[in-house]
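Each chain is listed here by its residues.
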Amino acid sequence: MNTSFTTHSVFNRVFRPGKLTLGIFLPLRVYESYTEPLHQHLKYIQQIDRSGFDALWVRDIPVYDPNFRDVGQVYDPLTYLAYLAGQTEQVALGTASIVLPLQHPIALAKATASIDQLANGRLLLGVGSGDRYAEFPAFGKSFERRGELFREVFQDLQTLHRIDTPKMNSSLTQMQDLNVVPKPIHQGVPMLVTGASQQSLDWIATHADGWITYPGPTTTKEDTLGLKQKIAAFRNLIPQGEFKPHMTNEWIELDEDPHFPRTPLRGGFVLKTGRYGLLELLHQWEEIGVNHAALGIQFGKRDIGETLAELAQEVLPYFKGENV
């Protein structure tokens, strides 16, 4: 078990050895130049919370780049999670992922610890180095140095979360006789590294509390072999056999026909499937060591509430986390 978070009830509900749990990625529909539909999504988010999904996930896309045609969930991720902290009760609130090189450790430590307190310890931090070149000069940051910046923000953030009045003298944080309050409810906030983040796998296995990767193709059972090897390589490098979870995600279009076969759309970016195909994929992920799967439904054609209800009633019971 993760020695840093053995008493972290939310971490240990969402991430359990040998088990898969389910979360939902926001937004629930693609942004189309106006925010009014997003204002209506709170009722669905509360439906997710009541239904027993283990986590909600938001992405960090600070500026719109037309080359990517993607604005994430539109709202600033930490501001949005602070709002959702007061509108939900059980579901974990996660980032997947905050672009660390664009953040200052003190401001990030303050904001994330505040959310964790307001959410009663429900915050999970997925973090990454970023892959959109245009964001870095916009923030006055070096894209080429993003791996180095990632490590520095990562380590400074852990220090600020865990130590009172730390003495710090990094290139970003110089502190003495000062403190950042509040602190998180537990000793720090769980931090899961996304992809490589310009780091070695050994560094990730040693320093991160978990690992988030893209799944690759998801149409056939053979498609999971690459992911299986990736997870095994990660776990072989974790010191002292400690449990550190692996998480992945898939954007799905859930067809009304439960028998609709797994069919890749948009060059494989979206998986169209009926619920039986989805169940088959999720069981395969569980078998190879995935501990949490975040499903995105924003490209679906069906009613949001109807899609969430089918997932909750017909899929979630097979992959339900337990209170610990």
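Predicted, not measured: the structure shown is a model, and the values here were computed from it.

Cut-off values and rules
Within each chain, residue numbers correspond to sequence positions counted from 1 in written order. Where local features are concerned, this predicted model is filtered to residues with pLDDT of at least 70; where side-chain atom pairs are given and counted, the filter is 80 or more; whole-chain, interface and lining totals use all residues. Excluded from the side-chain calculations are hydrogens and water; all other atoms, namely the structure's heavy atoms, are used. Think of it this way: any DSSP run of H or I at least four residues long counts as a helix, any run of E at least two long counts as a strand, and we number them from the N terminus. Here the globule rule is a power law, 2.2 Å times the number of residues to the power 0.38, and the radius of gyration is based on C-alpha atoms. When accessible area is computed with a 1.4 Å probe and restricted to protein chains, residues below 20% of their type maximum are described as buried, those above 50% as exposed, and intermediate ones as partly exposed. Two residues form a contact once any of their heavy atoms are found within 4.5 Å. Note on areas: Shrake-Rupley with a 1.4 Å probe; residue coverage comes only from the protein chains shown. Charge counting treats Lys and Arg as positive and Asp and Glu as negative, with His and both chain ends excluded. To locate a charge, the coordinates of NZ of Lys, CZ of Arg, CG of Asp or CD of Glu are taken. Here the nonpolar core consists of buried residues drawn from Ala, Val, Leu, Ile, Met, Phe, Trp, Tyr and Cys, with membership extended through side-chain atoms lying within 4.5 Å. Centres within 6.5 Å are what make two rings of Phe, Tyr or Trp a pair, Trp counting through its six-membered ring; a difference in plane orientation under 30 degrees is then read as stacked, over 60 as edge-to-face, and the rest as tilted. In this analysis the charged atom, NZ for Lys or CZ for Arg, is taken to sit over a ring once it is within 6 Å of the ring centre and within 35 degrees of the ring normal. Any carboxyl oxygen of Asp or Glu within 4 Å of a side-chain nitrogen of Lys or Arg constitutes a salt bridge here. Helices are assigned an expected span. That span is 1.5 Å times one less than the residue count. We call two N or O atoms a polar contact when they sit within 3.5 Å, provided that within protein one can donate a hydrogen and the other can accept it, with sequence-adjacent residues counted only if both atoms are side-chain atoms. The pairing criterion is simple: DSSP has to find at least two bridges between the two strands. If you view a crossover with the strands going away from you and the path from the first strand over the helix to the second runs clockwise, you call it right-handed.

## Side note on the overall build of the chain
Assigned secondary structure in the chain consists of eleven helices and twelve strands. Against the 2.2 N^0.38 benchmark of 20 Å for 324 residues, the chain shows a C-alpha radius of gyration of 19 Å, consistent with a compact globule. Dimensions of the chain, computed from C-alpha atoms along their principal axes, come out at roughly 60 × 45 × 40 Å. Here the chain, with 324 residues, has 56% of them falling under the buried criterion. When contacts within the chain are restricted to residue pairs at least 6 apart in sequence, those whose partners lie at least 24 apart make up 71%. For the chain, the exposed surface amounts to about 14100 Å²; the carbon and sulfur share of it is 49%. Both charge centroids of the chain, one from 30 positive and one from 36 negative side chains, sit 2 Å from each other.

## Here we look at the nonpolar core
Of all hydrophobic cores here, the largest spans 69 residues; its most connected members are Leu22, Ile24, Leu56, Leu84, Leu282 and Leu311. No other element matches the six residues that helix H10 (residues 275–288) contributes to this core. Residues contacting Leu311, with those up to four places away along its chain left out, are Ile24, Phe53, Ile252, Leu254, Leu278, Leu295, Ile297 and Leu316.

## Things to note about the packing of aromatic side chains
For the coordinates displayed, the defined rule picks out 13 aromatic pairs. Considering the side-chain rings of Phe5 and Phe11, the 5.6 Å spacing of their centres and the 35 degrees angle between planes classify their relative orientation as tilted. Judged by its relative accessible area of 1%, Phe5 falls in the buried class. Judged by its relative accessible area of 0%, Phe11 is buried. Pairing Phe25 with Trp251 gives two aromatic rings, centres 5.0 Å apart and planes at 45 degrees, and the pair type is tilted. Separated by 226 residues along the polypeptide, Phe25 in strand E1 (residues 21–25) and Trp251 in strand E9 (residues 246–254) bring together distant segments of the chain. The pair Phe25 / Trp251 is uniform in exposure class, with both members buried. Through a chain of ring-to-ring contacts, the aromatic side chains of Phe25, Trp251, Phe269 and Phe299 assemble into a single cluster. Arg275 extends its terminal NZ or CZ atom over the ring of Tyr276, reaching a point 5.2 Å from the ring centre.

## What about the pattern of salt bridges?
Oppositely charged side chains are able to pair whenever their charged atoms sit close together. Tallied over the entire structure, the rule returns 13 salt bridges. One salt bridge in this structure joins Glu253 and Lys301, with 3.5 Å as the shortest N-O distance. Here Glu253, found in strand E9, pairs with Lys301, found in the loop between strand E12 (292–296) and helix H11 (304–315); they are 48 residues apart in sequence, far enough to count as distant. Under the relative-accessibility criterion, Lys301 is labelled exposed at 66%. It is possible to trace a salt-bridge network through shared partners that takes in Arg275, Arg302, Glu306, Glu310 and Glu314.

## Here's the deal with the environment of Thr95
Summarising the element assignment, Thr95 is placed in strand E3 (residues 92–99). Sequence-distant contacts of Thr95, defined by excluding residues within four places in its chain, comprise Trp57, Val58, Leu78, Leu81, Leu124, Leu125 and Gly126.

## With respect to H11
Since the α-helix turns once every 3.6 residues, residues separated by three or four places project in the same direction. For H11, built from twelve residues, the straight-helix expectation of 16 Å at 1.5 Å per residue is met to within 8% by its first-to-last C-alpha distance of 16 Å. Of all the residues in H11, the buried ones are Ile304, Gly305, Thr307, Leu308, Glu310, Leu311, Ala312 and Val315. On its buried side, H11 packs onto E1, helix H3 (42–51), E9, H10 and E12. Two to three positions downstream of the cap, the backbone nitrogen of Gly305 sits 3.0 Å from a side-chain oxygen, assigning the N-cap of H11 to Asp303.

## Here's the deal with the pairing of E3
Most of E3 is tucked away: eight of the eight residues are buried. As paired strands, strand E2 (residues 55–58) and E3 are joined by four bridges and run parallel to one another. By the bridge assignment, Trp57 is partnered in E3 with Gly94. For the segment spanning E2, helix H4 (residues 77–85) and E3, crossover handedness is right-handed. Here E3 runs beside strand E4 (residues 123–128); their pairing, made up of five bridges, is parallel. Bridging from a neighbouring strand, Gly94 pairs with Leu124 of E4. For the crossover that starts at E3, traverses helix H5 (residues 105–118) and ends in the parallel E4, the hand is right-handed.

## Focus on the environment of Tyr276
Within the fold, Tyr276 resides in helix H10. The exposure class of Tyr276 is partly exposed, given its relative accessible area of 41%. With 38 residues separating them in the primary sequence, Tyr276 and Glu314 have C-alpha atoms 9.2 Å apart. In this view, Tyr276 contacts Pro258 and His259; residues no more than four positions away in its chain are not counted.

Keep in mind that these numbers describe shape and distance, not what the molecule does.
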